[in-house]
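Here is how the chains run, residue by residue.
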Amino acid sequence: MQQVYIWDFPTRIFHWLLVIAICSQYLTAELLDDAMTWHFYGGYFILGLLIFRVLWGVFGAYYARFSQFVVSPRKVWNYARLFNSSAYQPVVGHNPLGAYSVLFIMTILFTQAISGLFITDDIFHDGPYYSVLSEETRQIMNWVHHQGFIAVWLFLALHISAMLVYKFAKHQNLVKSMITGYKKQDPETSAINAKNHWFKFIAFACMAAFIVYLVVVVFAPEVVEDFYY
Ligand code: HEM
Ligand code: HEM
């Protein structure tokens, strides 16, 4: 067995920051009092992470690219069919099923982050685009934002179950790989050592932060305060 560096630093830091930020979103919305301002900041941060991951998925490191891991539904079916047979072949990067779960959670989180921009906590905090929608559309956004988190729970349950299945049924420690970046590979399998691409990493992180700044600050409508005396 040889150790191959498959998860570059930007992909790993994206993943673990996302995990921390999602926990913080739950805490600041559901458990802590007076934490809505932090919930907004956390939501903008997640939006930035997602924009970064899309850029990284197109121009980033080898195994992080969508073109490397998103395969046709037929390949997903074949992978699932052979999973329990002797013909099972381990995959170096994301497996075909995992690839679709990545697309699923990214779509859900984009929906959460975007719907959040249009809603209010009915007390002091309005999302930056709250004023542009009609009352009906606000209610739809509110419904989407509140229900969307159920999909996050569902993903998390499947995600952790998948890690356990790989650990105990296939003896693959995926979590360790997502922490260190290294995965054990049969020398027979052709695997590429990923690169961190530091310059692109910094450039895309700045670009993602700038896009969030444009969305949240520059393009957001001015808030008109209504005071009633
Ligand atoms: C991916 C990012 C986000 C996640 C995972 C998230 C998650 C949540 C959760 C779990 C709740 C509680 C829902 C419930 O009680 O059923 C919530 C409520 C809320 N979120 Fe987010 N949120 C995100 C982004 C945002 C953003 C960007 C904003 C605004 C800029 C925002 C504004 C709000 C507001 C105003 C509420 C309503 C609180 C209330 O009903 O009192 N969220 N969010
Ligand atoms: C709400 C929490 C979580 C979210 C939103 C999440 C999301 C994701 C995403 C988007 C990826 C794809 C990474 C990429 O290509 O950029 C991924 C992969 C991964 N996640 Fe998570 N994750 C969460 C929690 C966890 C936890 C708690 C663990 C560990 C116990 C974990 C372990 C992993 C591993 C090992 C992979 C790589 C899977 C593979 O080898 O294909 N995740 N996760």
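Residues numbered from 1 in each chain as written. Chains lettered and ligands numbered in written order. Predicted model: local features only at pLDDT ≥ 70, side-chain atom pairs only at ≥ 80, totals over all residues.

1. Quick word on the overall build of the chain
A count of helical and extended segments in the chain gives eight helices and two strands. Counting only C-alpha atoms, the chain reaches 75 × 35 × 30 Å along its principal axes. A separation of at least 24 residues holds for 72% of the contacts in the chain among residues at least 6 apart in sequence. (Helix = DSSP H or I, 4+ residues; strand = E, 2+ residues; numbered from the N terminus. Contact = placed C-beta atoms within 7 Å.)

2. A closer look at helix H8 (residues 198–218)
Here H8 contains 21 residues, and its C-alpha end-to-end distance of 28 Å stays within 8% of the 30 Å for a straight helix at 1.5 Å per residue. Those residues of H8 that fall on the buried side of the exposure criterion are Phe201, Phe204, Ala208 and Val212. Seen from one end, H8 has its buried residues packed into an arc of 75°, which puts them on one side. Residues of H8 that are exposed and angled more than 90 degrees away from the buried face: Phe199, Ile202, Cys206, Leu214, Val217 and Val218. Against the buried residues of H8 lie helix H1 (9–31) and helix H2 (36–59). (Expected span 1.5 Å × (residues − 1). Buried ≥ 20, exposed ≤ 12 C-beta atoms within 10 Å, placed from the backbone. Arc of directions from axis to C-beta.)

3. What to know about the site of ligand 2
Among the 20 residues in the neighbourhood of ligand 2, the closest are listed as Ile22, His94, Gly98, Leu174 and Met178. Within the residue set of the shell around ligand 2, elements represented by two or more residues are H1, helix H5 (96–116), helix H6 (135–169) and helix H7 (174–180). The biggest single contributor to the shell around ligand 2 is H1, with six residues. The residue inventory of the shell around ligand 2, partitioned by class, reads 13 nonpolar, six polar and one charged. (Near = placed C-beta within 6 Å. Nonpolar A, V, L, I, M, F, W, Y, C, P; charged D, E, K, R; others polar.)

4. Details of H2
Spanning 24 residues, H2 covers 35 Å between terminal C-alpha atoms, matching the ideal 34 Å at 1.5 Å per step. Within H2, burial applies to Gly42, Gly43, Ile46, Leu47, Gly48, Leu49, Leu50, Ile51, Phe52, Arg53, Trp56 and Gly57. Packed against the buried residues of H2 are H1, helix H3 (66–69), H5 and H8.

5. What to know about the site of ligand 1
Around ligand 1 there are 23 residues in total, and Ala29, Gly43, Gln112, Gly116 and Asp121 lie nearest to it. Listed by contribution, the elements that provide at least two residues to the shell around ligand 1 are H1, H2, H5 and H6. Looking at the shell around ligand 1 residue by residue, the classes come out as eleven nonpolar, ten polar and two charged.

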